[in-house]
Amino acid sequence: MDQLKHALLDYHERSKHRLNFYAPGPGGLDWATQPDPFRVFHGTPRVGLPLAADTLATLYNELRCGTLPPAHGIELSNLATLFELSLGLSAWKTCGAQRWALRCNPSSGNLHPTEGYLLCPALPGLSAGVYHYVSRDHALEQRAAVDEPQWNQAFSESGVLIGISSIHWREAWKYGMRAWRYCQQDCGHVIAAMSYAAAALGWQTRLMEAAADDAVADLLGVDRREDFGGAEMEVPDLLLWIGNPETRPDLESMLIALDRAQWHGRANQLSSGHVMWPDIDSIHRATHKTRTREPLSPNPERRSAPATPALDLSFARIARQRRSAVNFDGTTRISDAAFFGMLACLLTHPDTPPWNALTSPAEVHAALLVHRVDGLEPGLYMLVRNPGALPNLKRSLRPEWLWQQTGPNHLPLYLLLPYDLRAAAKLICCHQDIGADSCFALGMIARFEIALNQPWRYRYLFWECGILGQALYLEAEAAGIRATGIGCFFDDEMHTLLGVKDHTWQSLYHFTVGGAVDDQRLSVVPPYEVQP
């Protein structure tokens, strides 16, 4: 354990950006080796999926309030909608002769290291097995055909599994050592994207937290080296149970049934050249997860319904119009009611997306640098997402902070310092104007000490950050503004601002929300009407 803890701390510290030097990276982009953003398995039977999301009437505001529609049937057209609104393409953008795809799930640098899989029993329109989702074509590739009653019985006819894996090289090509962090954040965004899309179909989502990494790899087939050859390997991340939350599939029975499955396909090579980043391999090994016990579900705090957003749009529209802002105008303001409504959606509730995916208590809190919120004094605020963390936060941060409860009584929001922090926000965000030009910026402050005791939880902290980010993305769209995740920030400058002196708490992800400035040079093409 001490060796794993040392490896984790070594990676965490050396992957930080600092004022006088950045984390180790490639130094420049080798465009000749830019990875293909789409993984396919050649030689697999394909199932084309219908584009059915426009028939989905669920409103986004219903989901954020926990009002799910009656559960749709688990069959091909509804699963197609699940993938379309979570991992599917949302548009193609063009600039001159260049064209690139956008997806419903955001990704650092739009590099998309995350791959999605469907594990299902025999369903109407779909045979039992393991499928890989190809977002470019909105299609499923059947990686494994399973003709064993044991496999179907393992699902109890009450849901399906979604598997997630990552390809580290896709991020490392651009970001080097820090890429592993971004892969984990992207996993969190995918968990949330899946949770929202499932909820729009009336389905609940639960993370299979007890599953071991080796079992996930076996079930997804990402450990089958003979199917990858010279192609980039995928690493197992997680399994999500979609369906009846009162049941869980029998993974052991599924693994036994897979021993007699027929596997198809060979992975495409994504890049003609690679740079080895041993630090990524090291942190991957250090955070390897064996089987654990299912966590006990915490008693949920009562949560008041958030205020209705400015735009009462369908979830399908919100999911597909989500974009990462590149610049903010520095003038847009939002009301305190809109701000409080956004923050209310960051509080956990066991049956409300995206927090229904998690069964562990909240371990990440939001340190907010508020610039342009009408009715709220500019300054530093803290949203304490788990009331039990308040005493620890007070002990760990600057003793002079006010900790003055602010806003509606149901909202655990505290004013720490009334002050214009636009310059600090810009500095912390690697000198980027977007930090100061936003309505507000925030750092996600994680209880890092739990990762030192259980290193695999380091990944989970990043996942929780990504889930928070996805909720903010959708909330910003519903408010008529825009958000963006900030991967480049000076970790310890944020710690200095807060007064963090050790590894009890660490800042893992930054975010900004404001009035976006669109690039008029870019054109937008529908996602599936025109092929690249």
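The preceding data block contains the structure.
Notes on the structure follow. Since the structure is predicted, the reported quantities are computational estimates derived from the model, not experimental observations.

1. So, the overall build of the protein chain
Part 1 of the reasoning: Within the protein chain, the secondary structure is distributed over 16 helices and 22 strands.
Part 2 of the reasoning: For the protein chain, the C-alpha radius of gyration of 22 Å lies close to 24 Å, the compact-globule estimate for 532 residues.
Part 3 of the reasoning: Projecting the C-alpha coordinates of the protein chain onto the three principal axes gives extents of approximately 65 × 55 × 50 Å.
Part 4 of the reasoning: Partitioning the intrachain contacts of the protein chain with sequence separation of at least 6 by distance along the chain shows that 82% fall at a separation of at least 24.
Part 5 of the reasoning: Working note: accessible area of the protein chain is about 20,100 Å², and carbon and sulfur atoms make up 50% of it.
Part 6 of the reasoning: Taking the average place of the 46 positive charges on the side chains of the protein chain and the average place of its 57 negative ones, the gap between the two points comes to 3 Å.

2. Regarding the side chain of Ser165
Part 1 of the reasoning: Among the structural elements, Ser165 can be located in strand β8 (residues 159–166).
Part 2 of the reasoning: At 2.6 Å, the side chain of Ser165 and the side chain of Glu234 are in polar contact.
Part 3 of the reasoning: The residues contacting Ser165, other than those within four sequence positions of it, are Pro113, Thr114, Glu115, Tyr117, Leu220, Val222, Glu234, Val235 and Asp237.

3. Considerations on the sheet that holds strand β21 (residues 505–514)
Two strands in a sheet stick together by hydrogen bonds in their backbones, pointing the same way (parallel) or opposite ways (antiparallel).
Part 1 of the reasoning: Across the sheet, which stays open at both edges, the seven strands sit in the order β17-β18-β16-β14-β19-β21-β20 with antiparallel pairing between neighbours. The sheet terminates laterally at β17 (404–406) and β20 (482–486), the two strands that pair on one side only. On average, each strand axis in the sheet is tilted by 30° relative to the strand beside it, whichever way the strands run.
Part 2 of the reasoning: Here β20 pairs with β21 via five bridges, running antiparallel. Pairing of Ile486 across the sheet is with His510, part of β21.

4. Digging into the packing of helix α6 (residues 179–200) against helix α15 (residues 457–478)
In a pair of packed helices, the angle between the axes and the distance between the axes together describe the arrangement.
Part 1 of the reasoning: Between α6 and α15, the least distance of the axes is 7 Å, while the angle of their chain directions is 55°. One way to sum up the angle between α6 and α15 is to call them oblique. Where α6 crosses over α15, the handedness of that crossing is right-handed. Residues Trp180, Arg181, Gln184, Gln185, Cys187, Gly188, His189, Ile191, Ala192, Ala193 and Tyr196 of α6 touch α15, and the partners they reach there are Tyr458, Arg459, Phe462, Trp463, Gly466, Ile467, Gly469, Gln470, Ala471, Tyr473 and Leu474.
Part 2 of the reasoning: Looking at the contact of α6 with α15 residue by residue, the classes come out as 13 nonpolar, seven polar and two charged.

5. As for the pattern of salt bridges
Part 1 of the reasoning: All told, the structure shown has 33 salt bridges when counted by the stated rule.
Part 2 of the reasoning: Across the pair Asp137 and Arg46 runs a salt bridge whose closest N-O atoms are separated by 2.8 Å. In this pair, Asp137 is assigned in the loop between β6 (129–134) and β7 (139–145) and Arg46 in strand β2 (residues 46–48), connecting sequence segments 91 residues apart.
Part 3 of the reasoning: The class for Arg46 is partly exposed, based on a relative accessible area of 42%.
Part 4 of the reasoning: On the basis of relative accessible area, Asp137 is assigned to the partly exposed category, the value being 25%.

6. So, the state of the cysteines
Part 1 of the reasoning: Inspection of the entire model under this criterion finds one disulfide.
Part 2 of the reasoning: The side chain of Cys430 participates in a disulfide bridge whose partner is Cys488; the two sulfur atoms lie 2.3 Å from each other. With the S-S dihedral at roughly -95°, the linkage between Cys430 and Cys488 falls on the left-handed side. Placement of Cys430 in the loop between α13 (422–428) and β19 (440–447) and of Cys488 in the loop between β20 and α16 (491–498) is noted, with a sequence separation of 58 residues between them.
Part 3 of the reasoning: Not engaged in a disulfide, the cysteine Cys345 finds its nearest cysteine sulfur in Cys65; these two sulfurs lie 7.0 Å apart.
Part 4 of the reasoning: Free cysteine: Cys429, not disulfide-bonded; nearest cysteine sulfur from Cys430 at 7.4 Å.
Part 5 of the reasoning: The exposure class of Cys429 is buried, given its relative accessible area of 2%.

7. A word on the sheet that holds strand β3 (residues 89–95)
Part 1 of the reasoning: The strand order β4-β3-β22 describes an open sheet built from three strands, whose pairing is antiparallel. With one partner strand each, in any of the chains shown, β4 (98–103) and β22 (523–525) form the two edges of the open sheet. Each neighbouring strand pair of the sheet contributes to a mean axis angle of 30°, computed without reference to strand direction.
Part 2 of the reasoning: Relative to β4, β3 is paired through six bridges, and the arrangement is antiparallel. Following the sheet pairing, Lys93 is matched in β4 by Trp100.

8. Concerning the side chain of His189
Part 1 of the reasoning: By secondary structure assignment, the location of His189 is in helix α6.
Part 2 of the reasoning: Accessibility expressed as a relative area gives 1% for His189, which makes it buried.
Part 3 of the reasoning: At 3.0 Å, the side chain of His189 and the side chain of Tyr509 are in polar contact.
Part 4 of the reasoning: If we skip the residues at most four places from it in the chain, His189 touches Pro106, Gly466, Ile467, Gly469, Gln470, Tyr473, Tyr509 and Phe511.

9. A short note on the packing of aromatic side chains
Part 1 of the reasoning: For the coordinates displayed, the defined rule picks out 21 aromatic pairs.
Part 2 of the reasoning: Where Trp180 meets Phe462, the ring centres are 6.1 Å apart and the plane angle is 90°; that geometry is what we call edge-to-face. Residue Trp180 is located in helix α6, and its partner Phe462 is located in helix α15; the two are separated by 282 residues in the primary sequence. The exposure classification of Trp180 matches that of Phe462, with both residues buried.
Part 3 of the reasoning: With a centroid separation of 5.0 Å and an interplanar angle of 75°, the aromatic rings of Phe339 and Phe440 are classed as edge-to-face. Residue Phe339 is located in helix α11 (residues 336–344), and its partner Phe440 is located in strand β19; the two are separated by 101 residues in the primary sequence. A single burial state applies to Phe339 and to Phe440, both of which are buried.
Part 4 of the reasoning: Through pairs of rings, three or more aromatic residues link up here, namely Tyr11, Trp180, Phe448, Tyr458 and Phe462.

About the cut-offs
- Residues numbered from 1 in each chain as written.
- Predicted model: local features only at pLDDT ≥ 70, side-chain atom pairs only at ≥ 80, totals over all residues.
- Heavy atoms only, no water.
- Helix = DSSP H or I, 4+ residues; strand = E, 2+ residues; numbered from the N terminus.
- Rg over C-alpha atoms; globule rule 2.2 N^0.38 Å.
- Contact = heavy atoms within 4.5 Å.
- Areas by Shrake-Rupley, 256 points an atom, 1.4 Å probe, with all protein chains shown as cover.
- Lys, Arg positive; Asp, Glu negative; His and termini not counted.
- Charge placed at Lys NZ, Arg CZ, Asp CG, Glu CD.
- Polar contact = N/O pair within 3.5 Å; in protein donor to acceptor, adjacent residues only side chain to side chain.
- Pairing = 2+ DSSP bridges.
- Axes fitted to C-alpha atoms, helices over the stretch in contact; angles between N-to-C directions.
- Parallel < 35°, antiparallel > 145°, perpendicular 65-115°, else oblique.
- Left-handed = near helix turned anticlockwise from the far one by under 90°.
- Nonpolar A, V, L, I, M, F, W, Y, C, P; charged D, E, K, R; others polar.
- Salt bridge = Lys/Arg side-chain N within 4 Å of Asp/Glu carboxyl O.
- Buried < 20%, exposed > 50% of the residue type's maximum accessible area, 1.4 Å probe, protein only.
- Disulfide = S-S within 2.5 Å.
- Phe/Tyr/Trp six-rings, centres within 6.5 Å; stacked < 30°, edge-to-face > 60°.

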